[in-house]
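# Fold and geometry: a report
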Amino acid sequence: MKRLATTGITALLVATVVVLAAGCGGRGGSSSASPAFSSSDLTAQPTNNWITNGGSISNQRYSPLTEINAGNVSQLKGIWHVHLGSGSAGKYSGEAQPLVYKNVLYIVTGADDVFAIDAHTGAKKWTYSANLNQKIKTVCCGWTSRGVALGDGKVYVGQLDGKLVALDQKTGEVAWSTQVARYQDGYTITGAPLYYNGRVYTGVSGGEFGIRGRLTAFDAKTGQEDWRFYTIPGPGKAGHDTWPSTGNAWQHGGAPVWQTPAVDPDLGLLYFSTGNAAPDLYGAKRAGDNLFASSILALDAETGEYRWHFQEVHHDIWDYDAPSPVVLFNVSVGGVERQALGQAGKTGFVYILDRKTGKPLLGIDERPVPQNAAQKTAATQPYPKGDAVVPQSVPVQSFNRFAAKLPKGTKLVNGGRIFTPYGPGGSAVSAPSSLGGTNWWPMSFNPETSYLYVCGVDQAQLFSGGKTAAYKTGEQFFGSTFAPQGTPAGTFTAIDASTDRVAWQKKFSDSCYSGSTTTAGNVVFVGRNDGHLQAYNATNGKLAWSFQTGAGANDTASVFSLDDNEVVAFYAAGSALAGSAHGDDLWLFGLHGNLEPAGSASSSGATAHAGEKAPTAKAPANTSTVNVSTTEFKFTLSTQTVHTGTVTFKLTNNGGIPHDLSINGKQTPNIGPGATATLKVTFAKPGNYPYLCTIPGHAEAGMKGVLKVT
């Protein structure tokens, strides 16, 4: 299959009308309604308000305010702290950045419940309860929402049940509701919608369930669909020839849209990036580059017509997609100011492009990579001429620490480098893991420093199998297995946008799992898994402030002016995938605050990414049985001593989140609440055999022990 050029192709899209669904929802007081924001409103740097998910439609997450600065940020304290009373159970994640308009905060929890909060007092003005069906099974990575949109007097929220809902901004009552796609077919919505020019834009999640990705534009007043762009192109569309010419692989090709697009009104272009191809880890039946998966796209914002694309990973079989939002900025390159776009991928690279043409701004080389014929791997992959924010190989000493838990015969090949292939009957270990690099969390850009600030996860991963994948509506569509190995670490990195090189970097002992926000006061805010919201000197990376919020700080701060005082809003609720402490804590910070930090957040359990499990090998017939019960976070075994030979472990999950069991190099899949799994393990000789739950954070929380074999 030939590669598609990145410029000059225009595709005519067909608009489809969606029937509206009326509803009702909110209760409580009222708040000021927002106007139909103009392009200048939406592109302006935020001051008194924070009206879009990215601060502006450039997604820079930059505040021009300077009252809080690197010299005094250490004096920040809480002005108020409230509990929302929603989305604090183990399966939920708090990843929504607060929006602010006329002294009212708007926040959505992982349960898709929306709150309007008085910015002066923290009092609830109204609440919308989504009342989601608790039996939805097509959620990839924890129940979450990454924010709402404002405009035209409404608050817009995408829901896990596939609905886009518009709420009256004054009362929280449902203005309209439309079914974007069915969750029963694998479609959910986790990204914050975008309001722009009288339309609401939303993507869909579900690449792990064999969906066909899309970005759809709806009329903001009525909820009628204006146009739809499929991220997996059909016959006759640009990019369709990067899929097999026979069969229907493209109909279930993935490429979800996880995040909020950006817009350049002067160019008339809307930009976003896409998720994995499907089946996620099995490429044999989807030969070709598989556009527009793992790509950056530019569309005509008015019509949805294709303008250009750049693919970050060709024919992806590692889940190295691009779920983090794109960022638009101007930067001086070689003494010339350029219109740029940046996107931080799971690969660990930051891709910097000319946002008018889609061409690399600083150079990106196509390099040959190792091949696996059965997986029909791409001959080359794009390598930016810059620095990765996380390691892209596995040191021998790191491999040796977890090698005993890998399938028999797994060796470290190719140095565990990125793009190391694997195939049927085999396995490979490489880095980064499928968590990233950079996952969904957004980076920020500071025009004063010309730095991009980005979180990264440093962890190796086992890829095993490359098995045949059969599509079935609403079920996981992987064709292989994968499992992170070792304890994840993190990096928080300032990338010089003029060179794509590291300006400074902080290394964490746990994953960096938060968005960042930066200010003209030379400050950059980022959250930590242990509950601390932190501020760093944006120029040199020196830690300037750290405040315990009481739950995993896996969100992104919003900065605005309240009564002429600069303040910081932050929602701390933890993350199911990060395994951080859950909560429902909404904070407002300021230099005039007097609230002290909350109590330390206790670690929680991590929910697995869909499809995340280690393979198990067949074993001879058992000679004994051990019943194993799991709760958060404890194993209870029917016996702690067995004889040599084959032992059958019958695992029952009596907790509320997924768990697994690993012992003597064998491991069960992750099993959900109420589920069971059987694991047969042969012990050839007496000894003490450690067992644990391998989901990040669980063993550290207590899910480990030692079985005695006599």
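Description of the structure in this document. (Residues numbered from 1 in each chain as written. Predicted model: local features only at pLDDT ≥ 70, side-chain atom pairs only at ≥ 80, totals over all residues. Heavy atoms only, no water.)

## Concerning the pairing of strand β7 (residues 114-118)
For β7, the buried fraction is high: 5 of the 5 residues fall into the buried class. Of the two faces of β7, the one carrying Val114, Ala116 and Asp118 and the one carrying Phe115 and Ile117 are both buried. Bridge count between strand β6 (residues 104-108) and β7: 5 bridges; the pairing is antiparallel. Its bridge partner lying in β7, valine 108 is registered against valine 114. Linkage of β6 to β7, two consecutive antiparallel strands, is achieved through a turn of 5 residues, within which aspartate 112 is found at a positive phi near 65°. Note: β7 against strand β8 (residues 124-128), 4 bridges, orientation antiparallel. Each residue of the ladder has a partner; that of alanine 116, found in β8, is tryptophan 126. A loop of 5 residues connects β7 with β8, the two strands running antiparallel in sequence, and glycine 122 in this loop sits at a positive phi of about 85°. (Buried < 20%, exposed > 50% of the residue type's maximum accessible area, 1.4 Å probe, protein only. Helix = DSSP H or I, 4+ residues; strand = E, 2+ residues; numbered from the N terminus. Pairing = 2+ DSSP bridges.)

## Comments concerning unusual backbone geometry
Residue proline 432 is reached from alanine 431 by a cis peptide bond, and omega for that bond is 5°. Tracing the chain through its elements places proline 432 in the loop between β26 (426-430) and β27 (444-446). Across the junction of glycine 436 and glycine 437, the peptide omega takes the value 15°, indicating a cis bond. Phi is positive for asparagine 131, which is not a glycine, with a value near 50°. When its relative accessible area of 66% is taken as the criterion, asparagine 131 is described as exposed. One non-glycine residue, aspartate 564, adopts positive backbone phi at about 70°. Assignment of secondary structure puts aspartate 564 in the loop between β35 (558-562) and β36 (565-572).

## Observations concerning the side chain of serine 580
Within the secondary structure, serine 580 is located in the loop between β36 and β37 (585-590). Within the structure, serine 580 has its side chain in polar contact with the side chain of asparagine 554 (distance 2.5 Å). (Polar contact = N/O pair within 3.5 Å; in protein donor to acceptor, adjacent residues only side chain to side chain.)

## Here we look at the packing of aromatic side chains
Within a pair of aromatic rings, the relevant descriptors are the distance that separates the centres and the angle that separates the planes. A complete count under the given rule lists 39 aromatic pairs for this structure. Considering the side-chain rings of tryptophan 440 and tryptophan 441, the 6.1 Å spacing of their centres and the 75° angle between planes classify their relative orientation as edge-to-face. Across the pair, exposure class does not vary: tryptophan 440 and tryptophan 441 are buried alike. By the ring-pair criterion, three or more aromatic residues cluster together here, those being Phe310, Trp318, Tyr320, Phe349, Tyr351, Tyr383 and Phe419. A cation sits over an aromatic face here: arginine 212 above tyrosine 230, 3.8 Å from the ring centre. (Phe/Tyr/Trp six-rings, centres within 6.5 Å; stacked < 30°, edge-to-face > 60°. Lys NZ or Arg CZ within 6 Å of the ring centre and 35° of its normal.)

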